[in-house]
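Now for the letters of each chain:
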Amino acid sequence: MTSITDLHKQLENLRPGLYRFAQLQLRNECAAEDAVQETLLAVLEKPDSFAGNSSLRTYVTGILKFKIIDHLRSLKKEKPLEIKDDESEDDLIDSLFNANGHVIGMPTAWGAPEATLQQKDFFRVLEVCLENLPAKTARVFMMREWLELETEEICKELELSTSNLWVVLYRARLRLRECLDLNWFGRVSSGEKI
């Protein structure tokens, strides 16, 4: 077992490579930095967890992968605001509200998503929505969301660049959301049956 000082030095040497890896996956400097910091903190909080069955680099990279997956999953719950070059963050936030302070364009109420996911009909509608996507788009979405394959695996398998993969996934999510809003959530909230 190495001393805590040696561990600090080894982690310091691994940090640039970990950051590059996280940056490739997340495409966001702040998110990559956070993921690396959380990874290093996890290793330093429990240094005895590293049994030495693999290299320290492999062990730490494994922890980083889980931190990246956690971050990517949290993005599904959040929609970042995009600021234009000629706009400040305050202007962007102000544009979401009217003069009375009420939200402009309330999102469609999706009811109780957990209960909805348990309904067989939801999956039937989702399947139809997936079938209406272009074949390659649907395949990329399924590989990422259902099979939970890593970006590198998908890119290698389909001969895509990372940026192209993210564009395809973004478009797939937009089209699926629109389809589900029209064919499921809109009807469920109005009381209609499919």
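Residues numbered from 1 in each chain as written. Predicted model: local features only at pLDDT ≥ 70, side-chain atom pairs only at ≥ 80, totals over all residues. Heavy atoms only, no water.

Caption draft 1: Summary view of the overall build of the chain. For the chain, the helix and strand inventory stands at nine helices and zero strands. For the chain, the α and β elements follow one another from N to C terminus as α-α-α-α-α-α-α-α-α. By residue count, 27% of the 194 residues in the chain fall in the buried class. In the chain, once contacts between residues fewer than 6 apart in sequence are set aside, the share between residues at least 24 apart is 59%. Per element, the accessible surface of the chain, about 13700 Å² overall, is 53% carbon and sulfur. (Helix = DSSP H or I, 4+ residues; strand = E, 2+ residues; numbered from the N terminus. Buried < 20%, exposed > 50% of the residue type's maximum accessible area, 1.4 Å probe, protein only. Contact = heavy atoms within 4.5 Å. Areas by Shrake-Rupley, 256 points an atom, 1.4 Å probe, with all protein chains shown as cover.)

Caption draft 2: Molecular detail of the pattern of salt bridges. All told, the structure shown has four salt bridges when counted by the stated rule. Across the pair Arg15 and Glu33 runs a salt bridge, and its minimum N-O distance is 2.0 Å. Here Arg15 is found in helix H1 (residues 4-26), whereas its partner Glu33 is found in helix H2 (residues 29-45), with 18 residues between them in sequence. Its relative accessible area of 24% is what places Arg15 among the partly exposed residues. Across the pair Arg173 and Glu145 runs a salt bridge, and its minimum N-O distance is 2.4 Å. In this pair, Arg173 sits in helix H9 (residues 162-190) while Glu145 sits in helix H7 (residues 135-145), placing the two residues 28 residues apart along the sequence. Relative accessible area serves as the criterion here: at 32%, Arg173 is assigned to the partly exposed category. (Salt bridge = Lys/Arg side-chain N within 4 Å of Asp/Glu carboxyl O.)

Caption draft 3: Representation of a nonpolar patch on the surface. A cluster of nonpolar side chains, contributed by Ile93, Leu96, Phe97 and Val103, occupies part of the molecular surface with about 290 Å² of accessible area. Within the fold, Leu96 resides in the loop between helix H4 (89-94) and helix H5 (113-117). For Leu96, a relative accessible area of 34% corresponds to the partly exposed category. (Patch = residues over 30% accessible without salt bridge, like charges linked within 9 Å, V, L, I, M, F, W, Y side chains within 5 Å.)

Caption draft 4: Geometry of the side chain of Arg144. Relative to the assigned elements, Arg144 resides in helix H7. Look at Arg144: it is buried, it has no salt bridge, and the nearest opposite charge is Glu150 at 4.8 Å. When neighbours within four sequence positions are excluded, Arg144 is seen to be in contact with Leu72, Leu149, Glu150, Thr151, Ile154, Trp166, Leu169 and Arg173. (Lys, Arg positive; Asp, Glu negative; His and termini not counted.)

Caption draft 5: Structural view of the packing of aromatic side chains. Counted by the stated rule, this structure contains one aromatic pair. Centre to centre, the rings of Phe50 and Tyr59 are 5.0 Å apart; their planes meet at 45°, and the pair counts as tilted. Here Tyr59 falls in the partly exposed class, since its relative accessible area comes to 22%. (Phe/Tyr/Trp six-rings, centres within 6.5 Å; stacked < 30°, edge-to-face > 60°.)

Caption draft 6: Representation of the side chain of Thr137 within the structure. Within the secondary structure, Thr137 sits in helix H7. Residue Thr137 is classed as buried on the basis of its relative accessible area, which comes to 14%. Each residue touching Thr137, except ones within four places of it in the same chain, is listed here: Val168 and Ala172.

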